[in-house]
Amino acid sequence: MKKKKKQSKKRKKMGETKSPESKVKSESSIPQQDLSTAILTGASSRNAMKVFGYDSEAGHSIVGMAEESMMSMDLFENDNVSIKGKRGKKTMASVAVVSEAFGGGSLWIGLSKDAMNNAGVRVGDSVTVVPAPDVKFGKAVLILPYADSVAGQDIDVFEDYLKPYFEDQFRTLHRGDSFHIDGPAGPVEFLCVEIDTA
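Residues numbered from 1 in each chain as written. Predicted model: local features only at pLDDT ≥ 70, side-chain atom pairs only at ≥ 80, totals over all residues. Heavy atoms only, no water.

(A) Quick peek at a nonpolar patch on the surface. Together, Leu142, Leu144 and Val193 make up a nonpolar patch on the protein surface, roughly 220 Å² of accessible area in all. On the secondary structure map, Leu142 appears in strand β7 (residues 140-145). Taking the relative accessible area as the measure of exposure, Leu142 reaches 39% and is therefore partly exposed. (Patch = residues over 30% accessible without salt bridge, like charges linked within 9 Å, V, L, I, M, F, W, Y side chains within 5 Å. Areas by Shrake-Rupley, 256 points an atom, 1.4 Å probe, with all protein chains shown as cover. Salt bridge = Lys/Arg side-chain N within 4 Å of Asp/Glu carboxyl O. Helix = DSSP H or I, 4+ residues; strand = E, 2+ residues; numbered from the N terminus. Buried < 20%, exposed > 50% of the residue type's maximum accessible area, 1.4 Å probe, protein only.)

Here it is in structure tokens:
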């Protein structure tokens, strides 16, 4: 009998709840956060930059930054950076110096359409830019074309596209990135599936 009394007391204690009014009050007192920009929280102001459109003949993974911005991050031309955008999306790139007037100022970074897509941002959005000095050289990569990019095309994607684009070139790649390469049959979109750095 004593056992049953203890169990009933325990049930009563566990069943106790706050009134609906107190629950609503406590939830409303919690500040709401915009999750689309949550990834930028905690970044220093010098690392948060606005995006402008930038197309480089050197390839999709070249981004443009004003010299003042590069100096504040201890970056030199062709150094690598990590770029974090919305919803946790991330890409890697190499930096090139551009005039401040070109992009609108020292707090802007120029991204290609492919780089913007990989970071999940558009012109005018904010990204977090961080130096990435420890990027490893890839020994092998798995890069595949999107099916709809080559549908009905009689082309050799390696000889006509990938080889000319990568041969004797330094290209910064990030697994999961997509990018376009122009070639004999027009632009073809590729996906970087895997990178072997071992």
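(B) Highlighting the environment of Asp182. Of note, Asp182 is situated in the loop between β8 (178-181) and β9 (188-196). Once you skip the residues sitting within four places of it in the chain, Asp182 turns out to touch Tyr161 and Pro187. (Contact = heavy atoms within 4.5 Å.)

(C) The sheet that holds strand β4 (residues 90-98), seen in detail. Taken in spatial order, the 6 strands close into a barrel running β1-β5-β2-β4-β3-β6, and their pairing is mixed. Between one strand axis and the next, the sheet turns by 45 degrees as a mean value, whatever way the strands run. For strand β1 (residues 48-53) and strand β6 (residues 126-131), the ladder comprises 3 bridges, and the chain directions are antiparallel. In the sheet register, Ala48 faces β6, and the bridge partner there is Thr128. (Pairing = 2+ DSSP bridges. Axes fitted to C-alpha atoms, helices over the stretch in contact; angles between N-to-C directions.)

Function-wise, these values are silent; they only describe arrangement.
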